[in-house]
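Next come the chains, spelled out residue by residue.
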Amino acid sequence: MTGTDRAGGANGPAGRGGTGGTGSTGGASVPGKPGKPGPTPVPASEPFWAAARRGELLLQRCRGCGRHQHYPRVLCAHCWSEDLEWVRAGGRARVWTYTVVHRPGHPAWAEDVPYLLAIVELAEGPRLLTNLVRVDPAEAYVGMAVRAEFAPRGDTALVRFAPDV
Amino acid sequence: MSLRGAAAVVGVAEVPPKRTTPGVSTLDMIARTAAAAVRDAGLEPGAVDGLLVGPQVGETPQHVPATVAEYLGLRPRFADLVDLGGATGAGMVWRAAAAVAAGMCTTALCVLGNVRGETQPRSPNRNPIREFDVPYGGSGANQAYAMVATRHMAEFGTTAEQLARIPVFERANAQLNPDAVFHGRPLTVADVLASPMVVEPLHLLEAVMPCGGGAAVVVTGARHARRARHAPVLLRGAGERVTHRALSQAPELTTSPLAAAIADAYTMAGAGPGDLDLLSLYDCYSIMLAVTLEDAGLCPKGAVGPWLADHDFSHRGDLPCNPHGGQLACGQADLAGGMAHVVEAVRQLRGTAGERQVHGPSLALVTGNGATMSEETALVLEAAS
């Protein structure tokens, strides 16, 4: 289960390199090493990250066509209505696809390998890129049922997914 | 108005990819590549009155066409920037043809070039992919293509051994291309599978090597082209789709938007997969070429794994594909890597590809692909009879 532990450590609350909601790439806690970049909220996405900090997964739902979307936008990407409301998502999802990263694209993840990246499809429809945690990389599979949980990163929290058991 | 037969590629040039390009600026690289393509067309610089260039991230963030025009001493009647990642080269060709057909210019130079040092600057992005993907360790293209491969394997049972055949046949082809970075270094399936795992299920040798280099083409009207130095290569069909940037927003994972772009190109060309004599298909990763072979209608969706073993993709084979070795064997000079697929198709259709010349090809499919199956362009090119 070393993979699980490492994957968990990748975004854990220990604060190694967390850089806060401004998304600065500075702020490394280890001298000479880059910190993990945090989210870079814009006005349309502020409520999403504020909710994540409280441990809630919010989605936009369009009052015009009824569809959910993620990431947050100022209009519905399906019908272009600006009549959007925030709704709390159930947090249940299926793994749409995944990979085990051995050579990360960003140096701040160098010590976290191997870690699991996945795109999950929420029960409400939208898909998002995330980390799978408490999953042995060899046990991950397409279609796996997973559930959202939150891990502090700077002054917000990342939403990641663990097996839904 | 259809672009079918409206314009032709009359000049091509490449500065072959190299791992590093010391002592050269991006503008130097673009200028040398551009001059070589115009010389190849047998034209004087003054004949160029259209200019298409690509983005130069971090170096010339704005005003790229003007900067390149000034450096080259050109005063084009039509100038533009094409920003379609790996589809930029193919996307330039039909845009140049459209500008020529619309009378906005007579002869358009389409040029891409980049330089590469020992270290690369990080992307300055401030966009949704930076906000929602990068914080999870989801930076770069490797992880995204790996997730396409994972899904293809899960849906269709495609195996690592099957995908490994792609870099192997491309390396074999590249042994007849002295300009390829991996000329003199053929591969076996075992070599690919023994190479380091980068992002499961993709191994190091299933990914392109980033390089510096340049590639350019010169496009002019079909009538004008008959007086060109080389046999002209006509644009017979084109299609394009742009669907998403982040892979999480892709409409599908195992069918690329190239399927629709290629279908449009076939329709314009009045041709289909059975009419092709040559494939010059974008191949940043093994899985991208695999998906493209399916999306071009050459094999049924999902069947590419076993299908690969039944075909010979060499210049003498039943289905010549990337006879130059593709980007997997030549190296990828950033956006010029995509244009290199156009250049190779033109050389083959002219009959000037040397040792690796395919026997008498008349119709070629060229694809370009940007981001992760996001920016997709297909061209059908035809040897002038």
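A short tour of the structure in this document, coming up. In this text, all values refer to a predicted model and were calculated from it rather than measured experimentally. Residue numbers run consecutively from 1 along every chain, following the written order of its sequence. Whichever chain is written first becomes A and whichever ligand is written first becomes 1, with later ones labelled in order. With the structure being a predicted model, the display of local features is reserved for residues of pLDDT at least 70 and the display and counting of side-chain atom pairs for 80 or more, all residues being used for whole-chain, interface and lining totals. Calculated side-chain values reflect all of the structure's heavy atoms, with hydrogen atoms and water omitted.

Details of the overall build of chain B
- Each helix and strand counted, chain B has 13 helices and 11 strands in total.
- Both definitions apply: the radius of gyration is a C-alpha atom measure, and the globule rule equals 2.2 Å times residues to the power 0.38. Relative to the globule expectation of 21 Å for 385 residues, the C-alpha radius of gyration of chain B, 19 Å, shows essentially globular dimensions.
- Counting only C-alpha atoms and orienting by the principal axes, one finds that chain B spans roughly 55 × 45 × 40 Å.
- Whether a residue is buried, partly exposed or exposed follows from its accessible area with a 1.4 Å probe, protein chains only, as a fraction of its type maximum: under 20%, in between, or over 50%, in that order. Sorting the 385 residues of chain B into buried and exposed places 60% on the buried side.
- Charge counting treats Lys and Arg as positive and Asp and Glu as negative, with His and both chain ends excluded. Throughout, a charge is located at the NZ atom of Lys, the CZ atom of Arg, the CG atom of Asp or the CD atom of Glu. Counting 28 positive and 36 negative side-chain charges, chain B places the centres of these two groups 6 Å from one another. Only runs of H or I of at least four residues qualify as helices and only runs of E of at least two qualify as strands under DSSP, and these elements are numbered from the N terminus.

A few points about the overall build of chain A
- The secondary structure content of chain A amounts to 2 helices and 8 strands.
- Reading chain A from its N terminus to its C terminus gives the helix and strand order α-α-β-β-β-β-β-β-β-β.
- A sequence separation of at least 24 residues applies to 52% of the contacts in chain A between residues at least 6 apart.
- The accessible surface values rely on the Shrake-Rupley method and a 1.4 Å probe; as for residues, cover is taken only from the protein chains in view. A total accessible area of about 7,300 Å² is found for chain A, and carbon and sulfur atoms account for 51% of it. Contact definition: two residues touch when any of their heavy atoms are within 4.5 Å.

Here's the deal with the nonpolar core
- In terms of nonpolar packing, the biggest core is built from 86 residues, with Leu132(A) and Leu365(B) touching the most fellow members.
- Counting residues in each nonpolar core, the second largest holds 42 residues, with Met339(B), Val342(B), Leu349(B) and Ala364(B) among its members. Remark: nonpolar core denotes a set of buried residues (Ala, Val, Leu, Ile, Met, Phe, Trp, Tyr, Cys) joined through side-chain atoms within 4.5 Å.

A few points about unusual backbone geometry
- Omega for the bond connecting Val113(A) with Pro114(A) falls within 30 degrees of zero, at -10°, which places this linkage in the cis form.
- Along the chain, Pro114(A) falls in the loop between strand E4 (92–101) and strand E5 (115–122).
- Following Glu200(B), the chain continues to Pro201(B) via a peptide bond in cis, the omega torsion being 5°.
- Structurally, Pro201(B) can be placed in the loop between strand E5 (197–199) and strand E6 (202–203).

Comments concerning the pairing of strand E1 (residues 7–18) of chain B
All names here are of chain B.
- Bridge count between E1 and strand E7 (residues 212–221): 9 bridges; the pairing is antiparallel. Bridging across to E7, Glu 14 finds its partner in Ala 215.
- As paired elements, E1 and strand E8 (residues 233–242) share 2 bridges and run antiparallel to each other. Across the sheet, Ala 8 pairs through a bridge with Leu 234, a residue of E8. We call two strands paired when DSSP finds no fewer than two bridges between them.

Some words on the pairing of E7(B)
Residues and elements named next belong to chain B.
- Summarising burial for E7: 10 of the 10 residues are buried, a large majority.
- As paired strands, strand E4 (residues 107–114) and E7 are joined by 8 bridges and run antiparallel to one another. Across the sheet, Val 111 pairs through a bridge with Ala 216, a residue of E7.

Here we look at the pattern of salt bridges
- Any Lys or Arg side-chain nitrogen located within 4 Å of an Asp or Glu carboxyl oxygen qualifies as a salt bridge. In the structure shown here, the tally under the stated rule is 21 salt bridges over all chains.
- The shortest N-O distance in the salt bridge between Glu344(B) and Arg356(B) comes to 2.8 Å. Residue Glu344(B) is located in helix H13 (residues 334–350), and its partner Arg356(B) is located in the loop between H13 and strand E10 (363–370); the two are separated by 12 residues in the primary sequence. In this pair, the class of Glu344(B) matches that of Arg356(B), namely buried.
- The network of salt bridges with shared partners includes Arg61(A), Arg63(A), Asp83(A) and Glu85(A).

Comments concerning the interface of chain B and chain A
- Tallying the contact residues gives 32 residues for chain B and 40 residues for chain A.
- Of the roughly 3,100 Å² buried where chain B meets chain A, counting both sides, 58% is carbon and sulfur surface.
- The term buried area denotes the loss of accessible surface (1.4 Å probe radius) that occurs when two parts are joined, taken as the sum for both partners. The largest per-residue losses of area from chain B upon contact with chain A belong to Glu131(B), Phe132(B) and Tyr136(B), which jointly make up 24% of the total buried on that side.
- Polar contacts, as counted here, are pairs of nitrogen or oxygen atoms within 3.5 Å of one another; within protein the pair requires one atom able to donate a hydrogen and one able to accept it, and residues that are adjacent in sequence qualify only if both atoms are side-chain atoms. At the surface where chain B touches chain A, the tally comes to 18 residue pairs in polar contact (both at pLDDT 80 or more).
- Counting only elements with at least two residues in the side of chain B that touches chain A, the list comes to helix H4 (128–132), helix H5 (141–156) and E5 of chain B.
- Sorting elements by how many residues they give to the side of chain B that touches chain A places H5(B) first, with 6 residues.
- Looking at the side of chain B that touches chain A, its residues break down into 17 nonpolar, 7 polar and 8 charged. Residue polarity is assigned by list, with Asp, Glu, Lys and Arg as charged and Ala, Val, Leu, Ile, Met, Phe, Trp, Tyr, Cys and Pro as nonpolar; anything else, Gly included, falls into the polar class.

A look at the packing of aromatic side chains
All names here are of chain B.
- Stacked, edge-to-face and tilted labels apply to pairs of Phe, Tyr and Trp rings (six-membered ring for Trp) whose centres lie within 6.5 Å, assigned for plane angles under 30 degrees, over 60, and everything in between, in that order. Inspection of the entire model under this criterion finds 7 aromatic pairs over all chains.
- Considering the side-chain rings of Tyr 145 and Tyr 285, the 4.5 Å spacing of their centres and the 20° angle between planes classify their relative orientation as stacked. You can see Tyr 145 sitting in helix H5 and its partner Tyr 285 sitting in the loop between strand E9 (278–280) and helix H10 (286–295), a full 140 residues away along the chain. Like Tyr 285, Tyr 145 is buried.
- Taking the centre distance of 4.4 Å and the plane angle of 25° together, the rings of Phe 169 and Phe 313 count as stacked. Highlighted residues: Phe 169 in helix H6 (residues 160–174) and Phe 313 in the loop between helix H11 (304–308) and helix H12 (326–330), separated in sequence by 144 residues.

Considerations on the side chain of Arg127(A)
- Secondary-structure assignment places Arg127(A) in strand E6 (residues 127–131).
- There is a polar contact of 3.3 Å between the side chain of Arg127(A) and the side chain of Glu121(A).
- Not counting the four nearest positions on each side in its chain, Arg127(A) is found in contact with His70(A), Trp96(A), Ile119(A), Val120(A), Glu121(A), Ser248(B), Gln249(B), Ala250(B) and Pro251(B).

Some words on the sheet that holds strand E2 (residues 50–53) of chain B
Residue and element names in this part refer to chain B.
- Read across the sheet, 9 strands follow the order E3-E2-E4-E7-E1-E8-E11-E10-E9 without closing on themselves; strand pairing throughout is mixed. This sheet does not close on itself; its edge strands, each paired only once, are strand E3 (78–81) and E9. Across the sheet, the mean angle separating the axes of adjacent strands is 20° when strand polarity is ignored.
- Here E9 pairs with E10 via 3 bridges, running parallel. Lines are fitted to the C-alpha atoms to define the axes, a helix being fitted only along its stretch in contact, and any angle between axes, read from their N-to-C directions, falls within 0 to 180 degrees.

Quick notes on the packing of helix H3 (residues 88–101) of chain B against H13(B)
Residues and elements named next belong to chain B.
- One can describe the packing of H3 onto H13 by two numbers: an axis separation of 6 Å at closest approach and a directional angle of 55°. Between H3 and H13, the interaxial angle falls into the category oblique. Residues Thr 88, Gly 89, Ala 90, Met 92 and Val 93 of H3 form the contact with H13, whose participating residues are Leu 335, Met 339 and Val 342.
- Residue classes in the contact of H3 with H13 are distributed as 6 nonpolar, 2 polar and no charged. If an angle is under 35 degrees, it is roughly parallel; if it is over 145, roughly antiparallel; if it lies from 65 to 115, roughly perpendicular; otherwise it is oblique.

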